[in-house]
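Examination of the molecular architecture
Read off the chains here:
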Amino acid sequence: MKKPWGGRFQQSTDTLMEQFSQSISFDRILYAYDIEGSIAHCKMLAKCKIIKPAESKKIIRGLELIAKEFEDGRFEIQSCLEDIHMNIESRLAEMIGPVAGKLHTARSRNDQICLDIRMYLRDQVGEIRKEIHRLAKTLLGLAKKNIDHIVPGYTHLQRAQPVLLSHHLLAHLEMFLRDRDRLEDGLKRINVMPLGSAALAGTNFPIDRDYVAKLLKFPEVAHNSMDAVSDRDFLIEFCSTASIIMMHLSRFCEEVVLWASSEFNRIELSDAFSTGSSIMPQKKNPDPAELIRGKTGRVYGNLVALLTLMKSLPLAYNRDLQEDKEPLFDTVNTVKSCLTVFNGMMQSAKFIKVSPEKLDRKSVV
Ligand code: ARG
């Protein structure tokens, strides 16, 4: 298949190379943002009289139909078309003919992909903040429900002083609230509109970037086109916040695992959030807590992958940057599912009261 960039090329791409360089298998999840961004860009091109109103109408109509095809699962992905941008653009050309090419005026895939991931991430940050909010409510509920519940407080994992269980639970709550603030703060740096940067040096067309930013609800436009298409610090920052969330979850999970043991006997997890053993029927395993603790490693790994990806990259866009997506998507999915499952596990858990005589420093647990 002829590539949109294939003008000066005499040979077709090797199939091995095609498979190696494609990103459509994972960037397809960005389709709705890609289309929304293209519609805004197209409206701007018409407003600035760079394309005719009739052309803009035709392009927008086509893009809306493509969005529908995706939603209904009818869109036929072509992996030889590399990525989500080229898949959509080529389908548009199939639908409305050569006028489709005008959508690419004053734009490059380099600024387009930055727009897509920024739109994706700001939505996901919103979702994660909601999950944290739900968890905060659960912890507050548990603290209230068990308000008269006294437990040993530890230092060095040795019994130190008796504390209220609510005191302990609300310590974790504080950590999650700071995580929520960190996400909110990072949003400022995610929510910047990069279009207009084109490949790296901007464009000579008389575009209106503020108009695109307004349509797409970005409070700010990127100042420097070379920076806009090439840095991924906002992703690294997000993955660092995500790593801190996982670290906080993992600390809590470690305690749940301890508490669920017969030695501690402090918490009873519901059957719905535990697993058993076929050969040891007495067992009820705190698998969700262990899995969350385990998944922390992959989120840290994704952060290191992104930092290493960016290290030594010269300005401006480099194809290496395509490798930013899988660690990002994996981080988002992992953090979201861990927060949801942790919340479910805690909501359904029962705390077991420690009898006063057992609170003594020397008593056997
Ligand atoms: N799939 C590419 C990425 O994720 C889109 C940008 C491609 N740009 C290019 N000049 N080849 O980064």
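Below is a summary of the structure that appears in this document.

Conventions we followed
Residues numbered from 1 in each chain as written. Predicted model: local features only at pLDDT ≥ 70, side-chain atom pairs only at ≥ 80, totals over all residues. Heavy atoms only, no water. 1 Å grid on protein atoms, 1.4 Å probe; cavity = no way out; pocket = protein on both sides within 12 Å on 5 of 7 lines; lining within 4 Å. Points joined across faces, edges and corners; volume = space filled by probe spheres on them. Helix = DSSP H or I, 4+ residues; strand = E, 2+ residues; numbered from the N terminus. Phe/Tyr/Trp six-rings, centres within 6.5 Å; stacked < 30°, edge-to-face > 60°. Buried < 20%, exposed > 50% of the residue type's maximum accessible area, 1.4 Å probe, protein only. Nonpolar A, V, L, I, M, F, W, Y, C, P; charged D, E, K, R; others polar. Near = heavy atom within 4 Å. Polar contact = N/O pair within 3.5 Å; in protein donor to acceptor, adjacent residues only side chain to side chain. Areas by Shrake-Rupley, 256 points an atom, 1.4 Å probe, with all protein chains shown as cover. Pairing = 2+ DSSP bridges. Axes fitted to C-alpha atoms, helices over the stretch in contact; angles between N-to-C directions. Parallel < 35°, antiparallel > 145°, perpendicular 65-115°, else oblique. Left-handed = near helix turned anticlockwise from the far one by under 90°. Contact = heavy atoms within 4.5 Å.

Turning to empty space enclosed by the protein, a few remarks are in order. For the structure shown, the criterion picks out one cavity of 30 Å³ or more. The volume enclosed by the largest cavity comes to roughly 60 Å³. If you trace the largest cavity, you find it lined by Val125, Arg182, Leu183, Gly186, Leu187, Ile190, Phe234, Glu237, Phe238 and Thr241. Contributions of two or more residues to the lining of the largest cavity are made by α7 (165–190) and α10 (233–259).

Taken as a whole and assessed by the stated rule, the structure comprises eight aromatic pairs. With a centroid separation of 6.4 Å and 80° between ring planes, the pair formed by Tyr33 and Tyr120 is classed as edge-to-face. With a gap of 87 residues between them, Tyr33 in helix α3 (residues 31–47) and Tyr120 in helix α6 (residues 109–145) connect regions that are remote in the sequence. Per residue, the accessibility class of Tyr33 equals that of Tyr120, and both read buried. With centroids separated by 5.0 Å and ring planes inclined at 70°, the aromatic side chains of Tyr120 and Phe329 adopt a geometry described as edge-to-face. Taken as a pair, Tyr120 in helix α6 and Phe329 in helix α12 (residues 325–347) lie far apart in primary sequence, 209 residues in all.

Another point: the layout of surface pockets. In this structure, the largest pocket spans a volume of roughly 410 Å³. Taken together, 20 residues line the largest pocket, and the ones lying closest to its centre are Tyr154, His168, His172, Glu255 and Trp259. Broken down by secondary-structure element, the contributors of at least two residues to the lining of the largest pocket are β1 (150–155), α7 and α10. The dominant element in the lining of the largest pocket, judged by the number of residues it contributes, is α7, at six residues. Looking at the lining of the largest pocket, its residues break down into 12 nonpolar, four polar and four charged.

Here we take up the site of the ligand. The local shell around the ligand consists of Ser23, Asp83, His85, Arg109, Asn110, Ile113, Tyr317, Gln322 and Lys325. In this structure, Asp83 approaches the ligand through a side-chain N or O atom, which is 3.1 Å from a nitrogen atom. Residue Tyr317 places a side-chain N or O atom 2.5 Å away from an oxygen atom belonging to the ligand. For the ligand, whose free accessible area comes to 350 Å², the fraction covered by protein is 87%. With three residues, the single largest contributor to the shell around the ligand is α6. Residue composition of the shell around the ligand, grouped by class: two nonpolar, four polar and three charged.

Here β1 pairs with strand β2 (residues 158–164) via six bridges, running antiparallel. Residue pairing in the sheet places Pro152 in a bridge with Pro162 of β2. Where β1 folds back on β2, the antiparallel hairpin that results is connected by two residues, among which His156 adopts a positive phi of roughly 55°.

Moving on, we get to the packing of α6 against α10. Axis separation between α6 and α10 bottoms out at 12 Å; the angle between their running directions is 20°. For the element pair α6 / α10, the angle class is roughly parallel. Judged by the sense of rotation from one axis to the other, the crossing of α6 with α10 is left-handed. For the pair formed by α6 and α10, the contact residues are Ile117, Arg118, Leu121, Val125, Ile128, Ile132, Leu135 and Leu139 on the first element and Phe234, Leu235, Phe238, Ile245, Leu249 and Phe252 on the second. Residue classes in the contact of α6 with α10 are distributed as 13 nonpolar, no polar and one charged.

What follows concerns the side chain of Asn87. Structurally, the position occupied by Asn87 is in helix α5 (residues 84–96). Look at Asn87 and you get buried, because its relative accessible area is 2%. Within the local environment of Asn87, its side chain forms a polar contact with the backbone nitrogen of Gln78, the two atoms lying 2.9 Å apart. From its side chain, Asn87 meets the backbone oxygen of Asp83 in a polar contact 3.0 Å long. Asn87 has contacts with Ile24, Phe75, Glu76, Ile77, Gln78 and Leu81, leaving out every residue within four places of it along the chain.

It is worth spelling out unusual backbone geometry at this point. The amide bond that connects Leu315 to the next residue, Ala316, takes the cis arrangement and shows omega of 0°. With respect to the secondary-structure elements, Ala316 resides in the loop between α11 (287–310) and α12. Despite not being glycine, His156 has its phi angle at roughly 55°, a positive value. Among the structural elements, His156 can be located in the loop between β1 and β2. Given the relative accessible area of 75%, His156 is considered exposed. At Ser312, a position not held by glycine, the phi torsion is positive, near 70°. Here Ser312 shows up in the loop between α11 and α12. For Ser312, a relative accessible area of 63% corresponds to the exposed category.

Everything listed here is a matter of coordinates, which is why it stays silent on function.
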